Amino acid sequence: MKQYVIIGNGVAAAACIEGIRSVDPDGSITVVSSENHPVYCRPLISYYLEGKTNSKRMLYRGENFYEKNHCTVLYGKSVQRINDTDKTVLLNDESILSYTELCVATGSSPYVPSMNGIESVPHRYSFMTWDDAEKLKEDVTNRSKVLIVGAGLIGLKCAEGLKYLVGDITVCDLSDRILSSILDTESALIVQKHLECNGIQFLLSDSVDHFNHNTAFMKSGKEVSFDILILAIGVRPNAGLIRDINGKINRGIIVDEHMRTSVSSVYAAGDCTEGKDITIDDNRVLALLPNAYHQGFCAGVNMAGGNLTFTKGFPMNSIGFFGLHLMTAGTRYDGDQGGTIYEEQSENHIKKLFCRNGIMTGFVLVGNTERAGIYTSMIREKTPIDTVNFELLKKSPTSAVYSHNIRRKMFGGVV
Amino acid sequence: MKRSWRFSAYLTPANKGFMKRVYVNEEWCLGCHLCEYNCAFANSNEKDMVSALKGKSIFPRIHIEENDKICYAVSCRHCTDPLCMKSCIAGAISSHDGVIAIDQEKCVGCLTCVLVCPYGALSPSETGVMQKCELCLENACGEPACVKGCPNRAIVYEER
């Protein structure tokens, strides 16, 4: 009987459990969970602040998930070191677990650069965990002035979640636009305006020079006073355990298409890894929930002796702020990079489709996002655009763009 | 140069026959949109079609797509490898004997399922949380209302 050990208890770990159990009903599964919660929906912590979900609905799987899958969860425990020769892991309480197959699903941690005077700030937070959200919720009042450093997905979702709990929110970012990792300038402006209309203030192309207690002195010379500071600058993969045993890492743990690391019998999945992005044909950290599930499930199946690959990873995001939805996927190649762009724009709507070498490589949609999965599918399947009615596809994502025979197959017709 | 390309089958032939699904014979679809009304009515919990639909915006879980001379109805394929379920950030989508269902209490309306569904088969409900075809198994109709009411029998409910 195999002994599976999973380090981490996020979505990649839950998917790994489901992957293992799809092949092996009997092997023992032990999950090492540093957080004292059953697997929960990490992206929902901003909805939790806002009151749009609660502690019961936040749980990713049903209450009996672990019992049903015969798993032991060690809460509040972490791993000091993997010993890949003995095939054991050493926990923080000095106990030792043996494994036949190991999955590292350690996620990522907030990146906090050294900032002058940061220690003098009394109320400072990251926004990564349920506990972060819980503490933040307790600390704010309806008069709090909040400064959020970082106008990325985490910082802005946090801003939305806090809006009706606090007095005033300012978000600063070094970049000249918000959501710079996923949006181009024009789309970012539309979203920024919408956020401003909803009371979020921005300081862009600016960063903190130093802090002194409740004041941030910006490089531009501005001074921002605040009660609560939230650092949402970025995240870094937790790859240390693999680094320590000289496994292959770059920014994240390098995995192959079976989610195997370079260390024998050790797999990795989720935000701690770096996998192939098909839209750049190179490795990249894809710290996204759908990716974590696909990788985790794939790792689990292979750990249990099955054979599954995950070869269709690429960045994708669907996110909304105060009722305005936006979706992005893949990579935006501009004219200089050999790409062609189709775009249409109206006041609160943007559509940009990016193509290169005869396939779609990415898109940005702000406003109307209906049936966007048909675009995503073009990227995922690398569908040659000369095999579809691309003129129609530009106007509207519909399966009518496919030939009759392909559509018949897609929809399960008798061929 | 001939490219070899095929749509990867989420609905693989190996899995056909395991359960009944809703299929549309494109050649027979008239594009009359009746399926949309029957769907909205079946999921409305109202006893009378007029009070359920008259003068209201409807939010059906099936929709007609049309272009030039073609038209066909689209609803959830109940994929055997459901991307929506695997991608849901709220853990709100699950599979019960192959029927993919949404827990609307858990859904937060982030639209990630819309971003990943290759068929465009999910859409927001009136309240903003998502909805999809669940084959009318849980509502008063008990069998797909779109199939029952299709005047040209273009929509069928069968194992393939």
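Predicted model only: the values in this text are computed from it and were never measured. (Residues numbered from 1 in each chain as written. Chains lettered and ligands numbered in written order. Predicted model: local features only at pLDDT ≥ 70, side-chain atom pairs only at ≥ 80, totals over all residues.)

Here we look at the overall build of chain B
Formally: Secondary structure elements are taken from DSSP: a helix is a run of H or I of four residues or more, a strand is a run of E of two residues or more, and numbering for both begins at the N terminus. With C-beta atoms placed from the backbone, a residue counts as buried when 20 or more other C-beta atoms lie within 10 Å of its own, as exposed when 12 or fewer do, and as partly exposed for counts between those limits. Contact definition: two residues whose C-beta atoms, as placed from backbone geometry, lie within 7 Å.
Along the backbone of chain B there are five helices and eight strands. Going from N to C terminus, chain B has its helices and strands arranged as β-α-α-β-β-α-β-β-α-β-β-α-β. Within chain B, the proportion of its 160 residues that are buried is 42%. Look at the contacts in chain B between residues 6 or more apart in sequence, and 60% of them connect residues 24 or more apart.

Quick word on the overall build of chain A
Looking only at helices and strands, one finds eleven helices and 26 strands in chain A. A total of 415 residues make up chain A; the buried ones form 46% of that total. Of all intrachain contacts in chain A linking residues separated by at least 6 positions in sequence, the fraction that spans at least 24 positions is 62%.

What to know about the domain arrangement of chain B
Residue and element names in this part refer to chain B. Note the threshold: Each domain span listed reflects an automatic or database assignment of domains. Residue classes follow a fixed rule: Ala, Val, Leu, Ile, Met, Phe, Trp, Tyr, Cys and Pro count as nonpolar, while Asp, Glu, Lys and Arg count as charged, and any other residue, Gly among them, counts as polar.
Partitioning chain B into domains gives domain 1 (17-50 + 58-75 + 133-160) and domain 2 (79-131). Centre-to-centre, using C-alpha coordinates, domain 1 lies 18 Å away from domain 2. Opposite the ten residues of domain 1 that make contact, domain 2 presents nine residues. Looking at side-chain class alone, the side of domain 1 that touches domain 2 contains seven nonpolar, one polar and two charged residues.

Concerning the environment of Ala133 of chain A
Residues and elements named next belong to chain A. Its place among the elements puts Ala133 in helix α4 (residues 130-139). What makes Ala133 buried here is the crowd of 23 C-beta atoms within 10 Å. For Ala133 and Cys103, which are 30 residues apart along the polypeptide, the C-alpha to C-alpha distance reads 27 Å. Those residues in contact with Ala133 that lie beyond four places of it in its chain are Ile45, Tyr48 and Leu49.

Structural notes on the domain arrangement of chain A
Each domain of chain A was delimited in the assignment, giving domain 1 (3-43 + 56-109 + 236-303), domain 2 (118-233) and domain 3 (323-410). For domain 2 of chain A and domain 3 of chain A, the distance between their C-alpha centroids amounts to 32 Å.

A closer look at the nonpolar core
The criterion, for reference: Here, a nonpolar core denotes buried Ala, Val, Leu, Ile, Met, Phe, Trp, Tyr and Cys residues that are linked to one another through C-beta atoms within 7 Å.
Ranked by internal contacts, the top residues of the largest apolar core, which has 169 residues, are Cys16, Cys103 and Val104 of chain A. Val104 of chain A has contacts with Ile7, Leu241, Ile242, Ile253, Val266, Ala268 and Cys272 of chain A, leaving out every residue within four places of it along the chain.

Regarding helix α1 (residues 11-21) of chain A
For an α-helix, the turn length of 3.6 residues means that residues three or four places apart are oriented alike. Residue and element names in this part refer to chain A. Burial analysis of α1 places ten of its eleven residues in the buried class, the great majority of the element. Here α1 has its buried residues at Val11, Ala12, Ala13, Ala14, Ala15, Cys16, Ile17, Gly19, Ile20 and Arg21. Next to the buried residues of α1 lie β1 (3-7), β2 (28-33), β3 (71-75), β7 (101-104) and α8 (289-303).

Considerations on the sheet that holds strand β12 (residues 200-204) of chain A
Residue and element names in this part refer to chain A. Defined as follows: Strand pairing requires that DSSP identify at least two bridges connecting the strands.
The strand order β9-β16-β10-β11-β12 describes an open sheet built from five strands, whose pairing is parallel. The two strands at the open ends of the sheet, each matched to only one other strand, are β9 (124-125) and β12. As paired strands, strand β10 (residues 145-149) and strand β11 (residues 168-173) are joined by five bridges and run parallel to one another. Looking at the pairing, Val149 lines up with Cys172 of β11.

Here's the deal with the interface of chain B and chain A
With 33 residues of chain B at the interface, the matching set in chain A holds 42 residues. Taken together, the elements giving at least two residues each to the side of chain B that touches chain A come down to β1 (21-24), β2 (63-67), β3 (70-74), α3 (83-87) and α4 (112-116) of chain B. Per-element accounting of the side of chain B that touches chain A gives the leading share, four residues, to α4 of chain B. Of the residues belonging to the side of chain B that touches chain A, the class tally is 18 nonpolar, six polar and nine charged.

Comments concerning the sheet that holds β2 of chain A
Residue and element names in this part refer to chain A. For clarity, the cut-off: Only the contacting stretch of a helix is used when fitting its axis, a line to C-alpha atoms as for every element, and angles between N-to-C directions run 0 to 180 degrees.
Here five strands make up an open sheet; going across it, the order is β3-β2-β1-β7-β19 and the pairing parallel. Single-partner strands in this sheet number two, and they are β3 and β19 (266-268). Going across the sheet, the axis of each strand differs from the next one's by a mean of 20 degrees, ignoring polarity. Relative to β3, β2 runs parallel, the two being bridged by five bridges. Counted as the bridge partner of Val31 is Val73 from β3.

Focus: helix α5 (residues 153-162) of chain A
All names here are of chain A. Within α5, ten of the ten residues are buried, which leaves the element mostly enclosed by the surrounding structure. Inspection of α5 places Leu153, Ile154, Gly155, Leu156, Lys157, Cys158, Ala159, Glu160, Gly161 and Leu162 among the buried residues, and these make up the whole buried set. Of the surrounding secondary structure, the elements contacted by the buried residues of α5 are α2 (45-50), β10, β11, β12, β16 (228-231) and β22 (316-321).

So, the pairing of β16 of chain A
Residues and elements named next belong to chain A. Residue alternation in β16 divides its side chains into two sets, Ile228 and Ile230 and Leu229 and Leu231, and both sets are buried. Note that β9 and β16 share two bridges and pair parallel. Note that in β16 the partner of Tyr125 across the bridge is Ile230. Judged from the four bridges that link them, β10 and β16 form a sheet pairing that is parallel. By the bridge assignment, Val149 is partnered in β16 with Leu231.

Considerations on the packing of α1 of chain A against α8 of chain A
Helix packing geometry: the angle between the two helix axes and the distance between the axes. Residue and element names in this part refer to chain A. Rule in force here: Left-handed is the label given to a crossing in which the near helix is rotated counterclockwise from the far helix by less than a right angle, and right-handed is the label when the rotation is clockwise.
In the contact formed by α1 and α8, the axes pass within 6 Å of each other and the chain directions differ by 35 degrees. When you trace α1 past α8, the crossing you get is right-handed. On α8, the residues touching Val11, Ala12, Ala13, Ala14, Ala15, Cys16, Ile17, Glu18, Gly19 and Ile20 of α1 are Leu289, Ala292, Tyr293, Gln295, Gly296, Phe297, Cys298, Ala299, Gly300, Val301 and Met303. Considered class by class, the residues forming the contact of α1 with α8 number 16 nonpolar, four polar and one charged.

Observations regarding the confidence of the model for chain B
All names here are of chain B. Selection rule: Confidence of the predictor in every single residue is expressed as pLDDT, which spans 0 to 100.
For chain B, per-residue confidence averages 90 on the pLDDT scale, and 89% of positions sit at 70 or higher. Within chain B, helix α2 (residues 49-53) has the poorest average pLDDT of any element, 91, and α4 the best, 98. Here the predicted complex scores 0.95 on pTM and 0.95 on ipTM.

Observations regarding the environment of Phe321 of chain A
Among the structural elements, Phe321 of chain A can be located in strand β22. A tally of 20 C-beta atoms within 10 Å means that Phe321 of chain A is categorised as buried.

A short note on the pairing of β11 of chain A
Residues and elements named next belong to chain A. Under the convention used in this document: Whether a crossover is right-handed depends on one test, that the path from the first strand over the helix to the second runs clockwise when the strands point away from the viewer.
Running through α5, the crossover from β10 to the neighbouring parallel element β11 is right-handed. Here five bridges tie β11 to β12, and the two strands are oriented parallel to one another. Residue pairing for β12: Thr170 is matched across the bridge by Gln201. Handedness of the crossover joining β11 and β12 through helix α6 (residues 185-197) is recorded here as right-handed.

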